[in-house]
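Fold and geometry: a report
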Amino acid sequence: MRIINVKELIDDSKINRFHLLLFISCILIITCDGYDLVVYGTIVPILMKSWNLSPAVTGILGSYALIGALLGAIIFGTVADKIGKKRTAMICLIL
């Protein structure tokens, strides 16, 4: 049985096109994931005024996004274990 030293493997590896593409994909996914909260934070004053919302209601609406992220992580984490992380990431991006 061959023993692989992970530290040496990482230290000796070179950055190639795959690594760059993976890095850019992760940045795009994180940007798309956080965009809704940024937009919500900037639009709250307009929503409160035009829809006559109280601060409590706007806080609840903002919390729903985080609750959705929690439920999505639980559900799609389980789905990723069954069908694979790549397929699950594509499904989440489409959704």
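Structural data are supplied above this passage.
Residues numbered from 1 in each chain as written. Predicted model: local features only at pLDDT ≥ 70, side-chain atom pairs only at ≥ 80, totals over all residues. Heavy atoms only, no water.

Details of helix H3 (residues 55-83)
Between its first and last C-alpha atoms H3 spans 41 Å; for 29 residues at 1.5 Å apiece the expected length is 42 Å, and the two agree. Contacts made by the buried residues of H3 are with helix H2 (17-50) and helix H4 (85-94). Backbone geometry just after H3 places Gly84 at a positive phi near 110°. (Helix = DSSP H or I, 4+ residues; strand = E, 2+ residues; numbered from the N terminus. Expected span 1.5 Å × (residues − 1). Contact = heavy atoms within 4.5 Å.)

A short note on the environment of Gly68
Note on placement: Gly68 falls in helix H3. Each C-alpha atom of the pair Gly68 and Thr31 lies 17 Å from the other, and the pair is 37 residues apart in sequence.

Describing the state of the cysteines
Under the defined criterion, the tally for this structure stands at zero disulfides. Cys26 forms no disulfide, and the closest cysteine sulfur to it belongs to Cys32, at a distance of 12 Å. Under the relative-accessibility criterion, Cys26 is labelled partly exposed at 39%. Note on Cys92: no disulfide assigned, nearest cysteine sulfur contributed by Cys32 at a separation of 12 Å. Taking the relative accessible area as the measure of exposure, Cys92 reaches 35% and is therefore partly exposed. (Disulfide = S-S within 2.5 Å. Buried < 20%, exposed > 50% of the residue type's maximum accessible area, 1.4 Å probe, protein only.)

So, the environment of Ile3
For Ile3, the location among the structural elements is in the segment before helix H1 (6-12). In sequence terms Ile3 and Lys14 are 11 residues apart; their C-alpha atoms lie 21 Å from each other.

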